[in-house]
Amino acid sequence: MNTTTPFVVRWAIIGAGWISEQFVHDLAMDPSTRDVKDVAHAVVAVDSRTKAKAEAFIRDYCPEGGFAQKAGYCDLPVEAVEGYDAVYAREDVDCVYIGTPHNDHYFSAKAALEAKKHVLCEKPSTINAGQMKELAALAQANGLFFMEAVWTRFFPLMYALQKDIHETKVLGDIHQVNADFSIKGVGRVPLTHRLLNPDLAGGAILDLGPYPLTWGLMTLFHHPDNKLSPPTAVSSSMQLHPETGVDIFTTVVLDFPKMTARANLTCNLVVESPADCTARIQGTKGEIIVPRPAPRPEKYIIRLDNGEETVKEFAIPGNGYHWEADAVARCLRDGLKECERMTVSESIMSMELMDEFRKQGGYEFPASLAQ
Ligand SMILES: NC(=O)C1=CN([C@@H]2O[C@H](COP(=O)(O)OP(=O)(O)OC[C@H]3O[C@@H](n4cnc5c(N)ncnc54)[C@H](OP(=O)(O)O)[C@@H]3O)[C@@H](O)[C@H]2O)C=CC1
Ligand SMILES: O=C1OC[C@@H](O)[C@H](O)[C@H]1O
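The structure displayed is predicted, hence computed values, not measured ones.

1. A closer look at helix H2 (residues 51–61)
No. 1: Among the residues of H2, those classed as buried are Ala 54, Phe 57 and Ile 58. On an axial view of H2, the arc spanned by its buried residues comes to 95 degrees, and they lie on one face.
No. 2: In the core, the buried residues of H2 are packed alongside helix H1 (18–27), strand E2 (39–48) and strand E3 (79–82).

2. Description of the packing of aromatic side chains
No. 1: The tally for this structure, following the rule as stated, stands at 12 aromatic pairs.
No. 2: Considering the side-chain rings of Tyr 84 and Tyr 88, the 5.0 Å spacing of their centres and the 15 degrees angle between planes classify their relative orientation as stacked. Here Tyr 84 pairs with Tyr 88, and both are found in helix H4 (residues 84–88), just four residues apart, close to one helical turn.
No. 3: A network of ring pairs unites the aromatic residues Trp 151, Phe 155, Tyr 321 and Trp 323 as a single cluster.
No. 4: The ring of Tyr 159 carries Arg 341 above its face, with NZ or CZ at 3.7 Å from the centroid.
No. 5: Note that Arg 358 overlies the ring of Tyr 363, its terminal NZ or CZ placed 5.9 Å from the centroid.

3. Observations regarding the state of the cysteines
Put plainly, a disulfide is one covalent bond tying together the sulfur atoms of two cysteines.
No. 1: Following the criterion strictly, the structure yields zero disulfides and no others.
No. 2: The thiol of Cys 277 is unpaired, and the distance to the nearest cysteine sulfur, on Cys 267, comes to 16 Å.
No. 3: Free of any disulfide, Cys 331 has its nearest cysteine sulfur in Cys 339, 4.1 Å distant.
No. 4: Under the relative-accessibility criterion, Cys 331 is labelled buried at 5%.

4. A look at the sheet that holds strand E14 (residues 309–313)
No. 1: Overall, mixed pairing links the eight strands, which are arranged E8-E9-E10-E7-E11-E12-E13-E14 in an open sheet. The strands lining the two open edges of the sheet, one partner per strand, are strand E8 (232–240) and E14. Between one strand axis and the next, the sheet turns through 10 degrees on average, direction left out of account.
No. 2: As paired elements, E8 and strand E9 (residues 247–256) share seven bridges and run antiparallel to each other. Of the residues in E9, the one forming a bridge with Met 238 is Thr 250.
No. 3: Across the sheet, helix H7 (residues 156–168) touches strand E7 (174–182), strand E11 (279–283), strand E12 (286–290), strand E13 (299–304) and E14, and the angle it forms with E13 is around 15 degrees.
No. 4: Contacts from helix H9 (residues 210–221) reach E7, E9, strand E10 (261–268), E11 and E12 within the one sheet, and its direction differs from that of E7 by about 165 degrees.

5. Structural notes on the UniProt feature "domain: GFO/IDH/MocA-like oxidoreductase" (unreviewed entry) in the protein
No. 1: Under the feature "domain: GFO/IDH/MocA-like oxidoreductase" (unreviewed entry), the UniProt entry names residues 163–288.
No. 2: The straight-line gap between the two end C-alpha atoms of residues 163–288 is 13 Å; of that span, 17% is helix and 35% is strand.

Quick notes on the rules
Residues numbered from 1 in each chain as written. Chains lettered and ligands numbered in written order. Predicted model: local features only at pLDDT ≥ 70, side-chain atom pairs only at ≥ 80, totals over all residues. Heavy atoms only, no water. Buried < 20%, exposed > 50% of the residue type's maximum accessible area, 1.4 Å probe, protein only. Helix = DSSP H or I, 4+ residues; strand = E, 2+ residues; numbered from the N terminus. Arc of directions from axis to C-beta. Contact = heavy atoms within 4.5 Å. Phe/Tyr/Trp six-rings, centres within 6.5 Å; stacked < 30°, edge-to-face > 60°. Lys NZ or Arg CZ within 6 Å of the ring centre and 35° of its normal. Disulfide = S-S within 2.5 Å. Pairing = 2+ DSSP bridges. Axes fitted to C-alpha atoms, helices over the stretch in contact; angles between N-to-C directions. UniProt positions renumbered as here; feature names shortened; annotations may be inferred.

Shown next, in the form of structure tokens:
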């Protein structure tokens, strides 16, 4: 492989909303600012339901496309497109990033895979396990890459923390993980907003829940002693929004009996997570505290029972979405159909858990959503 020319991914962005802004910002960053030289990103199309919105998005957030275009590794311009059929018909799009509301993920991803495009889809990549299984089968049948965009998994902090607890075993045996991701939404955003709107598959568990679940899975499910055994004795309790019926307070419990360990995971749309602790991992020798925010933490503190305390800090260049994008690029370069850091089978397991949480909590989707 030529080590001086990076492998370039040509991205199309679906949905000109907030998360897509954050994502393209990072695609336009010089990868050397995060010590990356082997891959680079081009943004060749931005799709919106309204062309004028896609044009404004490009003007405001990625006028030159991604870094690969700025650096001359890709000579395609970034184009505004209305309606995703036009994007998926293009030969020069390698991978589609889907940044639409939850209810749309399955439909946009399905259309992209049918058009033979690789896909990175925002979390949760579907609204139920059945949809996720369908997408997994479609990707596999077409030899395409598919990944749920759980960006927190790709942070250097997460790799370091896993090394500390899984390999160095600074905490001894791990027995309990508490994690929370909560934001003030109720009373602040209209009932039609995607956070509270059942027709857009809103609610705390689908929107915020992927983060406490990530902390539970990365620490306990991925612990070598657990041997990738799915959690047992799953339980969930929800308080639903009195008008829209989406969950606004949710607590779930996952047991990992091979380790005598339990994850207590919470999310809500009423009050914020405490600033000083979004995740607490407790073992026989002490604990690790991760201050908020759960999706994008910048440090953790190791507090041992013998009184020793160590703070580990991890600066995040840009928004922090580039690490997942780089991982996708490397998978495409290497011909992989899924990323081992966020496998399709783990996304299916996560959606099976989400289905169970909703069932026990009494959160039923409206008929408008495909079941
Ligand atoms: N990884 C992360 O850190 C984050 C992930 N997310 C995820 O990203 C997704 C989008 O969230 P966010 O960007 O905050 O949402 P926004 O509402 O800001 O953007 C979503 C975009 O999707 C398009 N869209 C397509 N269909 C619809 C529809 N029926 N209603 C509204 N918009 C629609 C719109 O773009 P257009 O009008 O151009 O078609 C809209 O701007 C969610 O799945 C969320 O879970 C959100 C925040 C952070
Ligand atoms: O993924 C997310 O992280 C930040 C939250 O504010 C947002 O609602 C959610 O989608």
